[in-house]
Amino acid sequence: MTIPAHYRDIRINQAGQINVTLNNGTTVNAGQLGIVTINRPQLLESSGNNQYALPNLATLGIGLNQVVQPAAGSVTQGSLENSNVDLTKEMADLINLQHNYQLNARSVTIGDQMAGLVNGLLR
């Protein structure tokens, strides 16, 4: 996508069309956003700056339709994506995991101490 220089406003509609209003008042279609599902994410290559690209699929013998599928949805300009993570649950799980790790570490230490005592008695 290329946004023309000297623009006044950028609008993205629910279909994902990017419309740019230039300083002279004309509106130009600058591109189309798409919502897709990547079926084979292992093929994505990092392009830097949190951007990913597909390699030349023809050389891999793979069709684009095997990797990228259109997904249902709409685009909403100016809104933030919601997270699917429950922070309270994740923090509670993290605290439980830390307690379990501490208990396991203590049991290993006590087991080593008991083995040392047994070895000391046998000598």
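Reading the values: the criteria
- Residues numbered from 1 in each chain as written.
- Predicted model: local features only at pLDDT ≥ 70, side-chain atom pairs only at ≥ 80, totals over all residues.
- Heavy atoms only, no water.
- UniProt positions renumbered as here; feature names shortened; annotations may be inferred.
- Helix = DSSP H or I, 4+ residues; strand = E, 2+ residues; numbered from the N terminus.
- Rg over C-alpha atoms; globule rule 2.2 N^0.38 Å.
- Buried < 20%, exposed > 50% of the residue type's maximum accessible area, 1.4 Å probe, protein only.
- Areas by Shrake-Rupley, 256 points an atom, 1.4 Å probe, with all protein chains shown as cover.
- Lys, Arg positive; Asp, Glu negative; His and termini not counted.
- Charge placed at Lys NZ, Arg CZ, Asp CG, Glu CD.
- Patch = residues over 30% accessible without salt bridge, like charges linked within 9 Å, V, L, I, M, F, W, Y side chains within 5 Å.
- Salt bridge = Lys/Arg side-chain N within 4 Å of Asp/Glu carboxyl O.
- Pairing = 2+ DSSP bridges.
- Axes fitted to C-alpha atoms, helices over the stretch in contact; angles between N-to-C directions.

By the naming in an unreviewed UniProt entry, the chain is Flagellar basal-body rod protein FlgG, taken from Sporolactobacillus inulinus. Listed under Subcellular location (unreviewed entry) in UniProt, the entry text for the chain is "Bacterial flagellum basal body".

A. Molecular detail of the overall build of the chain. When helices and strands are tallied, the chain shows 3 helices and 7 strands. On C-alpha atoms alone, the chain measures out to a radius of gyration of 28 Å, which is more than a quarter above the 14 Å that the 2.2 N^0.38 rule sets for 123 residues. The buried share of the chain, reckoned over its 123 residues, is 11%. A total of about 10200 Å² of accessible surface is found on the chain, and carbon and sulfur atoms cover 54% of it. Within the chain, one finds 6 positive and 7 negative side-chain charges whose respective centroids are separated by 2 Å.

B. A nonpolar patch on the surface, seen in detail. A contiguous nonpolar surface patch, about 430 Å² in accessible area, is contributed by Leu-87, Met-91, Leu-94 and Leu-97. Its relative accessible area of 44% is what places Met-91 among the partly exposed residues.

C. Molecular detail of the UniProt feature "domain: Flagellar basal-body/hook protein C-terminal" (unreviewed entry) in the chain. As recorded in UniProt, the feature "domain: Flagellar basal-body/hook protein C-terminal" (unreviewed entry) lies at residues 77-119. Helix and strand shares over residues 77-119 are 77% and 0% respectively, and the end C-alpha atoms of the span are 71 Å apart.

D. Local environment of the environment of Leu-121. Tracing the sequence through the fold places Leu-121 in helix 3 (residues 87-122). Here Leu-121 falls in the exposed class, since its relative accessible area comes to 75%.

E. The pairing of strand 1 (residues 7-12), seen in detail. Looking at chain direction, strand 1 and strand 2 (residues 17-22) are connected through 5 bridges and run antiparallel. Its bridge partner lying in strand 2, Arg-11 is registered against Asn-19.

F. Inspection of the sheet that holds strand 2 at higher detail. Taken in spatial order, the 3 strands line up as 1-2-3 in an open sheet, and their pairing is antiparallel. Because the sheet does not close on itself, it has two edges, and the strands there are strand 1 and strand 3 (27-32). For this sheet, the mean angle separating the axes of adjacent strands, direction not counted, is 25 degrees.

G. Layout of the pattern of salt bridges. Applying the stated criterion across every chain yields a total of 2 salt bridges. Put simply, Arg-11 and Asp-9 hold a salt bridge, and the shortest N to O gap is 3.0 Å. The class of Asp-9 is partly exposed, set by a relative accessible area of 27%. We note a salt bridge from Lys-89 to Asp-93, for which the minimum N-O separation is 2.7 Å. You can see Lys-89 and its partner Asp-93 sitting in helix 3, 4 residues apart, about one turn around the helix. Lys-89 gets classed as partly exposed once you look at its relative accessible area, which sits at 44%.

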